[in-house]
Amino acid sequence: MEEVASVVNLQSAFRRVEQNRGVPGVDGQSVVAVRQHLTEVLLKLSKSLLDGSYNPGEIRRVWIPKSGGGERPLGIPNVIDRVVQQALLQVMQPNYEPTFDDSSHGFRPGRSCHTAIAQAKEYVREGCEWVVDIDLERFFDTVNHQRLQSKLEQTIEDKRIIRLIKFMLKAKVVMPDGVVIENEQGTPQGGPLSPLLSNIVLSELDQELRKRGHRFVRYADDCNIYVRSKAAAERVLESISQFIERRMRLKVNKVKSAVGGTGTRSFLGFSLEYSIETDSVAVKLSEKSLKKVSLKIVENSPRNWGASLERCILSCNRYLRGWMEYFKIISPTEQPKLQRLDAHLRRRLRAIQLKQWRRRRTIVQRLTQLGARKATAWRMVYGGRTSIWHLSHTPVTHRALRNAYFANRGLVSLAERWQQIQPKPIVQMQFAFV
């Protein structure tokens, strides 16, 4: 506890919380407000941690939409509580990190979704083209506090740390309508300590899979086990599901958990497909990822956009840059999909521009100024199908509002961006497997 409560450690923890720019918790106190009296606050916090008088505040519940539909609960602790959790994380993580399995990639230093996919590619290359996709139902909300506390006691000797974490787990939750509920299980998502606690819980699953000799990759509560045949995959799914539910007291989502070929299952937004001709594994965009980005493009470029075209492009760019940074590890064979996404976005932007020109005469004038023949533009606008969506895809409009028209306004092209940020080869990791 002395290490956790040191002012130097608390200062470092506050800087990390400040960098995350989180919103206030139940008490309404912002990071900026804490910064104004930081020295006084941290000295008082250090003292309360050491004498045992510190008690975590309530957690504010918010709901965020899930990509597959529905909502995910998120718990937002007060700023001071986030500082304490970060201080705990900074002391605990270096001690727990060496004990975690090489196949665990979620919320760990030097590891990411990209390293998880790199390991999965190696297993597929070895001939394990069937995957057991295990989905834990509401994992973060169903973690058993007693079993978690027991695992912590095996490695943490200071009882004050155990007591502090217990109080954090038991903190009451304030719902959006003001109702306060008790928290008897789960590790609320939203606090800095929650990812580490989830890895501590799921390390038991990693140990069991390693003991049984399985090839697997886990990222947080997403776990894929790679085998060579469908029959083996079905056996593994049945036996591991029993272990998770009976031994770990967690629940397996029977609907989402399934077996299938690696090319048909989605893992972290990707799918993997082995090619005999090239003896290589292609990293592809999953159907779910393609659908999600298509919906986001529509959402960020609505037909009734009322502001300037530049602001619409800025809105699209914010999402597309982050999306491409995540999916930059896809194989070159996926580039046509990026080009189709680019083309769809440009057509939507052309439709917005045409609609903002409003009158037919203005559309003809603007297209003529951009290089279209006046007679051709006049015939296109005043004859045949004249809906804005149809006009946005005609050869005249396409030539006049060609790529450079949007490029001059800073539009991000996914296909070009992918070529620019091709990642350096991931350093070959030695994945332990017996």
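Residues numbered from 1 in each chain as written. Predicted model: local features only at pLDDT ≥ 70, side-chain atom pairs only at ≥ 80, totals over all residues. Heavy atoms only, no water.

Draft legend 1. Broad picture of the sheet that holds strand 7 (residues 222-227). Taken together, four strands build an open sheet; the order of strands is 6-7-3-8 and the sheet is antiparallel. Lying at the two open borders of the sheet, with one neighbouring strand each, are strand 6 (215-219) and strand 8 (258-261). Each strand of the sheet is rotated relative to its neighbour by a mean of 25°, with strand direction disregarded. As paired elements, strand 3 (residues 130-135) and strand 8 share four bridges and run antiparallel to each other. Of the residues in strand 8, the one forming a bridge with Val-131 is Gly-260. (Pairing = 2+ DSSP bridges. Helix = DSSP H or I, 4+ residues; strand = E, 2+ residues; numbered from the N terminus. Axes fitted to C-alpha atoms, helices over the stretch in contact; angles between N-to-C directions.)

Draft legend 2. Spotlight on the state of the cysteines. This structure, assessed with the given rule, holds zero disulfides. Counting only cysteine sulfurs, Cys-223 is the nearest neighbor of Cys-113, a cysteine outside any disulfide, at a range of 14 Å. Cys-128 takes part in no disulfide bond, and the closest cysteine sulfur to it belongs to Cys-223, at a distance of 14 Å. (Disulfide = S-S within 2.5 Å.)

Draft legend 3. The arrangement of the sheet that holds strand 1 (residues 59-65) in detail. Read across the sheet, four strands follow the order 2-1-4-5 without closing on themselves; strand pairing throughout is mixed. Strands with a single pairing partner mark the edges of an open sheet, and in this sheet they are strand 2 (71-76) and strand 5 (180-181). Note: strand 1 against strand 2, six bridges, orientation antiparallel. Across the sheet, Arg-60 pairs through a bridge with Ile-76, a residue of strand 2.

Draft legend 4. Inspection of the environment of Ile-240 at higher detail. In this fold, Ile-240 is placed in helix 11 (residues 230-247). Taking C-alpha positions, Ile-240 is 42 Å from Gln-420, a pair spaced 180 residues apart along the chain. For Ile-240, the contacting residues outside a window of four places in its chain are Ile-134, Leu-205, Leu-209, Arg-212 and Ile-225. (Contact = heavy atoms within 4.5 Å.)

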